[in-house]
Amino acid sequence: MVSSTRRAIRRSVELPCELVSPGIGASREQMLDLSTRGACVTSTTALALEDELLVSFTPPGLGTSLEAVARVAHVARPELAGLG
């Protein structure tokens, strides 16, 4: 169910992606959802709020990769949610 407070509809995806950060370098990650206003990406790299990244991914059927400059807007930590 989509919350009525969302500004854009999020689409569930399972796409490999690459994150590139000037301070951290490149890492292969997994995109879990995508909208016109953002994406949810799992990361094995420690990222901080407001970090700027380059995100690269290839949508199914497009045949070419897309790149976007992104900003970390939310960091979820499993240990804080009682999951880790």
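Residues numbered from 1 in each chain as written. Predicted model: local features only at pLDDT ≥ 70, side-chain atom pairs only at ≥ 80, totals over all residues. Heavy atoms only, no water.

Attention now moves to the pattern of salt bridges. Inspection of every chain in the model, using the stated rule, returns two salt bridges. Across the pair Glu50 and Arg71 runs a salt bridge, and its minimum N-O distance is 3.2 Å. Here Arg71 lies in strand β5 (residues 66–71) and Glu50 lies in the loop between β3 (38–42) and β4 (52–57), a separation of 21 residues in the sequence. For Glu50, a relative accessible area of 51% translates into the label exposed. Residue class for Arg71 comes out partly exposed when judged on its relative accessible area of 47%. (Salt bridge = Lys/Arg side-chain N within 4 Å of Asp/Glu carboxyl O. Helix = DSSP H or I, 4+ residues; strand = E, 2+ residues; numbered from the N terminus. Buried < 20%, exposed > 50% of the residue type's maximum accessible area, 1.4 Å probe, protein only.)

The subject of this paragraph is the confidence of the model for the chain. For the chain, mean pLDDT is 83; residues scoring 70 or higher make up 82% of the total. Across the chain, element-level confidence peaks in β4 with a mean pLDDT of 95 and bottoms out in β3 with 91. (pLDDT = per-residue confidence, 0-100.)

Let us now look at empty space enclosed by the protein. Scanning all chains against the criterion turns up one cavity of 30 Å³ or more. In this structure, the largest cavity occupies an estimated 40 Å³ of space. Considering the residues around the largest cavity, the lining is formed by Leu19, Val20, Ser21, Ile24, Gly25, Ser27, Ser43, Thr45, Leu47 and Leu53. Elements with a contribution of two residues or more to the lining of the largest cavity: β1 (11–21) and β2 (25–35). Broken down by element, the residue count for the lining of the largest cavity peaks at three residues, all from β1. Looking at the lining of the largest cavity residue by residue, the class counts come to five nonpolar, five polar and no charged. (1 Å grid on protein atoms, 1.4 Å probe; cavity = no way out; pocket = protein on both sides within 12 Å on 5 of 7 lines; lining within 4 Å. Points joined across faces, edges and corners; volume = space filled by probe spheres on them. Nonpolar A, V, L, I, M, F, W, Y, C, P; charged D, E, K, R; others polar.)

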